[in-house]
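This is what each chain is made of:
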Amino acid sequence: AEVPIVQPGAPGEPTRELAGDKASQIADTSYIAADAKFMREMIPHHAQAVDMAKLVAERSNNPEVNDIAGRINAAQADEIEFMKGWLSERGEKLPMAGHHMHMDQAQMAMMGMATQAQMQALAEAKGSEFDQMFLALMIRHHEGAVDMVEDLLKLPGAAYDPVLFEFTSDITNDQTSEIERMNAMLIDLSTDPRAGLAGGYADAESAISNLTLVASLPKPTGFFDPNNPSGLPPEKPTDDKADDDTTTAEDDGETKKKKPYERFPLLSFANTDMAFFDDVLVAGSYHGFNMYRLDRERNPEHIASVVCPGGQGDVSVVGDLLIMSVEQTRGRLDCGLEGVDEDVSEARFRGIRIFNISDPASPRQVGAVQTCRGSHTHSVVRGPERDGKIIVYNSGTSSIRDEEELPGCIGDVPGDSRTALFRIDVIEIPVADPSKARIVDSPAVFADDGVIAGLWRGGDHGDDTQRTNRTDHCHDITVFPEKNIAAGACSGNGILFDISDPLKPKRIDEVIDAGFAYWHSATFNNDGTKVLFTDEWGGGSRPRCRAYDPLDWGADAIYDIVDGKLEFGGYFKIPAPQGDTENCVAHNGSIIPVPGRDIFVQAWYQGGLSVIDFTDSSNPIEIAYFDRGPVSEDHLLLGGYWSTYWYDGRIYGTEIARGVDVFELLPSEYLSETEIAAASVADQGQLFNPQRQLSVSWPAKPVVARAYLDQLGANAALNPDMRQSISTLLDAASTALAAGDTDKGLTRRLSKMARTLERQKVRGQDGRRVMALAETLRGIGQRIAQ
């Protein structure tokens, strides 16, 4: 006889006896509630895709779009019947017909589904407009399905049913393939010359507008892998000797090469940031840095290579000292190539290196400051002044070091306010003896109301927004010492600092942007009234400029500074669709000093570079660009521009995988010849360090006056007769200056015109241009009078 089957109750409750079939039912773990919920939500998700596909026949004559729609109709309709059957067989409730038309909008957005407004707009579109809208919505829809699968598989016990698991795998594989196909179709539909450029390490296609490529300098010997210069991913390692062959047999009897292991190689030789001084360019890299002599008549000349691995390798120059950021755990104090394998080692270096570069051919390391989170970036704040010291802000973004390796480094210990998180480092470097450089303070700049982690705690900002990292560090802090302000791009927040006392920066405002995933860098305009922040959505390693990616994600955001507060103006993102093998997102750039306008050159990694006019904060526009095809058409590699900066009349770009490019601006409908010439004579102080801005000034020259005159003419801010009179005066001034003549009569006429301009009732940006033109005319007159 069978023994009774019993089920104990909760503590204090009696035991009960169970029948055999009931006991088996309880023990059945073939599926869980989340599996059924997944199926119930995927049915209306698929149903909307079918509804979208049904719109195609009457609205598009594109055969590829019709083919996609046909496959969706067939495949997803069949899958809906399968899912209904799976639920019915298990006695689970089915969703009502048409359920997707009444779903909560927030839930639909999370599932990648189109809103009712988007569906209505799609139904009203036709031709190419319909094709682009359909593909963009369907890609997002497919991505939502893949996300739903990923969320399900994260749950313990989910998809144990082999039928369900196979179904989820099919969804991921099929819809990912469809996404790639549809993105390629969207690129083909674009009329932008940058769309669909052929790739290649040395022979990629390119597109250019209102720029000329002056020179392309390849990476020097020692700064690339000669066996793999483009950084292709390695083949997947295997223990199976049968798989060691380099080819595999195919069904048709042919052979093909084994697929490489889809992973990024180490960034051992990646080019990074740049600094400039006098006629020298310093290009940092994960492997060290290179120095180039600049000459407007010839291509830059490579003059020095310094090997000192450690990661990031951002550089700044102050006098004869070069400062370099080091973050990777392989970095060694002695610049050794062998790295560091131990978890704790006296040989490891993570922090700020200091080199003496008075002899560029033989730099010497003369100082080193170890920091708890390494140095991702740094900012030269001040000096050297009378005290002979340089002040540097250090931004560490990596893990906190072991207390045994560097005493005083406290990790993420709940309630311990000594943690190295939520801080920046203030470093003091004595120029007379850089070996005594040290951290003088580590202020907790994110504390709020006594809570050290007082700002953004991480997460999303609500429905259909970005998920943002916790604000426990700044990626970049751009200082503007003459204005006593700094702008911090600090992971989850954009921050404005008062640095009147550079040793004790004070937070005066902070903002959150629902479209930003990771606040990466910041740049002021020349008068310190605006900040352009960049969002590094995807960390710089992902394709984020595809045709269907949002234009306010991974973009620039312009903020006006009004009474010490940051006020949002507008977004700008590269308008040209990029491919799936092109990492693309906003990265580093700089102001182009065109007087009277706010112009910026922006790096987009493998999206190339853009020159942007953000004079109107709410309406930034692209006025020039350059783009290459991907480093590889088959593999997503880290490449493209790390930084693009203006220096002494040219734009320089560090190409991560390839080398250094040099550009010059060309006159166009967006930028006049005199405006470009005026930017070329701007005084930058013969120095450019990333994350440190110096006020640019313009000499009293006719070409500068003509730049203002062009702008005022374009906006009809001055009447034609007055513009002609000023132009005639400038012709005479140019002749006198070229001949070295003194002409007091011309000086008086220039001064009189300046007074006339100052009486003009012109407001806003044009009013400021009128005042700047008057000041320039008066300055030209003073030069002629001498």
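As a reminder, the structure under discussion sits directly above these lines.
This report concerns the structure included in the present document. Predicted model, so just to flag it, every value in this text is computed and none were measured.

## Some thoughts on the overall build of the chain
Then, number 1: Broken down by element type, the chain carries 12 helices and 36 strands.
Then, number 2: Relative to the compact-globule value of 28 Å for 786 residues, the chain shows a C-alpha radius of gyration of 31 Å, a close match.
Then, number 3: For the chain, the C-alpha atoms occupy an extent of roughly 125 × 70 × 65 Å along the three principal directions.
Then, number 4: Across the 786 residues in the chain, those meeting the buried criterion constitute 52%.
Then, number 5: Taking the intrachain contacts of the chain between residues at least 6 apart in sequence as the baseline, contacts between residues at least 24 apart amount to 63%.
Then, number 6: Surface accessibility of the chain: about 35,100 Å² in total, with carbon and sulfur atoms responsible for 48%.

## Notes on the sheet that holds strand 4 (residues 211-218)
Then, number 1: Strand order across the open sheet formed by 4 strands is 4-35-34-33, with antiparallel pairing between neighbours. Pairing within the sheet leaves two strands with one partner each, and these edge strands are strand 4 and strand 33 (641-647). Adjacent strand axes in the sheet meet at a mean angle of 20°, parallel and antiparallel pairs treated alike.
Then, number 2: Of the strand pairs in this sheet, strand 34 (residues 650-655) and strand 35 (residues 659-665) are connected by 5 bridges, and their pairing is antiparallel. Looking at the pairing, Thr654 lines up with Val660 of strand 35.

## Points about the sheet that holds strand 31 (residues 609-613)
Then, number 1: Overall, antiparallel pairing links the 5 strands, which are arranged 3-32-31-30-29 in an open sheet. Each of the sheet's edge strands pairs with one partner strand only, and the pair in question is strand 3 (206-209) and strand 29 (589-592). Between one strand and the next, the sheet's axes are offset by a mean angle of 20°, whatever the strand orientation.
Then, number 2: As defined by bridge partners, strand 30 (residues 599-603) adjoins strand 31 across 5 bridges and the pair is classed as antiparallel. Bridging from a neighbouring strand, Ala603 pairs with Leu609 of strand 31.

## With respect to the pattern of salt bridges
Then, number 1: This structure, assessed with the given rule, holds 40 salt bridges.
Then, number 2: Through salt bridges with shared partners, one network takes in Asp67, Arg71, Glu178 and Arg181.

## Brief notes about the nonpolar core
Then, number 1: One finds Leu718, Ile726, Leu757, Leu773 and Leu777 to be the most contacted residues of the largest nonpolar core, which totals 27 residues.
Then, number 2: At the level of secondary structure, the elements contributing two or more residues to this core comprise helix 9 (702-714), helix 10 (720-739), helix 11 (744-758) and helix 12 (764-785).
Then, number 3: The element contributing the most residues to this core is helix 12, with 7 residues.
Then, number 4: Not counting residues within four places of it along the chain, the set of residues in contact with Leu777 comprises Ala705, Ile726, Leu730, Leu750, Met753 and Leu757.
Then, number 5: Ranked by size, the runner-up nonpolar core spans 26 residues in total, among them Ile68, Met119, Ala125 and Phe134.

## Some points on the state of the cysteines
Then, number 1: In this structure the tally under the stated criterion is 4 disulfides.
Then, number 2: Shown here is the disulfide that connects Cys545 with Cys584, its sulfur atoms set 2.1 Å apart. Judged by the sign of its S-S torsion, about -80°, the cystine formed by Cys545 and Cys584 is left-handed. Placement of Cys545 in the loop between strand 26 (530-535) and strand 27 (556-562) and of Cys584 in the loop between strand 28 (565-572) and strand 29 is noted, with a sequence separation of 39 residues between them. The same class applies to Cys545 and to Cys584, which are both buried.
Then, number 3: Sequential numbering of the bridged cysteines in the chain gives the disulfide pattern 1-2, 3-4, 5-6, 7-8.

## Considerations on the pairing of strand 15 (residues 377-382)
The side chains of a regular strand alternate, first on one face of the sheet and then on the other.
Then, number 1: The buried fraction of strand 15 is high, at 5 of 6 residues.
Then, number 2: Across 5 bridges, strand 15 lies against strand 16 (residues 389-395) in antiparallel orientation. Bridged to His378 within strand 16 is Asn394.
Then, number 3: Here strand 15 folds back onto strand 16 in antiparallel fashion, the turn holding 6 residues, of which Gly383 has a positive phi close to 100°.

## As for the packing of aromatic side chains
Then, number 1: Here the structure, examined in full by the defined rule, presents 21 aromatic pairs.
Then, number 2: Between Tyr645 and Phe688, the ring centres sit 4.7 Å apart and the planes meet at 45°, which makes this aromatic pair tilted. Of this pair, Tyr645 sits in strand 33 while Phe688 sits in strand 36 (residues 687-688); the two residues are 43 residues apart in sequence, bridging distant segments of the chain. Like Tyr645, the residue Phe688 is buried in the burial classification.
Then, number 3: Counting every residue linked through ring pairs, the aromatic cluster contains Phe516, Trp519, Phe533, Tyr559, Phe568 and Tyr571.
Then, number 4: Above the plane of the ring of Tyr31 lies Arg90, whose end atom (NZ or CZ) is 5.9 Å from the centre.
Then, number 5: The residue whose ring lies beneath Lys483 is Phe480, and the NZ or CZ to ring-centre distance is 5.9 Å.

## A few points about the side chain of Thr747
Then, number 1: By secondary structure assignment, the location of Thr747 is in helix 11.
Then, number 2: What Thr747 contacts, discounting residues up to four positions off in sequence, is Gly781, Gln782, Ile784 and Ala785.

## With respect to the packing of helix 3 (residues 63-89) against helix 6 (residues 127-153)
Then, number 1: Following both chains from N to C, one finds helix 3 and helix 6 inclined at 35°, their axes separated by 11 Å at the closest point. The element helix 3 and its partner helix 6 pack so that their crossing is left-handed. From helix 3, Val65, Ile68, Ile72 and Gln76 reach across to helix 6, where they touch Asp131, Phe134, Leu135, Met138 and His142.
Then, number 2: Split into classes, the residues belonging to the contact of helix 3 with helix 6 amount to 6 nonpolar, 2 polar and 1 charged.

## Considerations on the environment of Gln48
Then, number 1: Relative to the elements of secondary structure, Gln48 occurs in helix 2 (residues 33-54).
Then, number 2: For Gln48, a relative accessible area of 1% corresponds to the buried category.
Then, number 3: When the C-alpha atoms of Gln48 and Gln76 are compared, they prove to be 9.8 Å apart, with 28 residues separating the residues in sequence.
Then, number 4: Looking at Gln48, its side chain comes within polar contact range of the main-chain oxygen of Ala114, at 2.9 Å.
Then, number 5: Within the structure, Gln48 has its side chain in polar contact with the side chain of His141 (distance 3.3 Å).

## Structural notes on the packing of helix 10 against helix 11
Relative placement of two packed helices is described by the angle separating their axes and the distance separating the axes.
Then, number 1: For the pair helix 10 and helix 11, interaxial distance at closest approach is 11 Å and the crossing angle is 150°. For the pair helix 10 and helix 11, the crossing hand works out as left-handed. Residues Met722, Ser725, Ile726, Leu729, Ala732, Ala733 and Ala736 of helix 10 touch helix 11, and the partners they reach there are Leu746, Arg749, Leu750, Met753, Thr756 and Leu757.

Definitions and cut-offs
- Residues numbered from 1 in each chain as written.
- Predicted model: local features only at pLDDT ≥ 70, side-chain atom pairs only at ≥ 80, totals over all residues.
- Heavy atoms only, no water.
- Helix = DSSP H or I, 4+ residues; strand = E, 2+ residues; numbered from the N terminus.
- Rg over C-alpha atoms; globule rule 2.2 N^0.38 Å.
- Buried < 20%, exposed > 50% of the residue type's maximum accessible area, 1.4 Å probe, protein only.
- Contact = heavy atoms within 4.5 Å.
- Areas by Shrake-Rupley, 256 points an atom, 1.4 Å probe, with all protein chains shown as cover.
- Pairing = 2+ DSSP bridges.
- Axes fitted to C-alpha atoms, helices over the stretch in contact; angles between N-to-C directions.
- Salt bridge = Lys/Arg side-chain N within 4 Å of Asp/Glu carboxyl O.
- Core = buried A, V, L, I, M, F, W, Y, C linked by side-chain atoms within 4.5 Å.
- Disulfide = S-S within 2.5 Å.
- Phe/Tyr/Trp six-rings, centres within 6.5 Å; stacked < 30°, edge-to-face > 60°.
- Lys NZ or Arg CZ within 6 Å of the ring centre and 35° of its normal.
- Left-handed = near helix turned anticlockwise from the far one by under 90°.
- Nonpolar A, V, L, I, M, F, W, Y, C, P; charged D, E, K, R; others polar.
- Polar contact = N/O pair within 3.5 Å; in protein donor to acceptor, adjacent residues only side chain to side chain.

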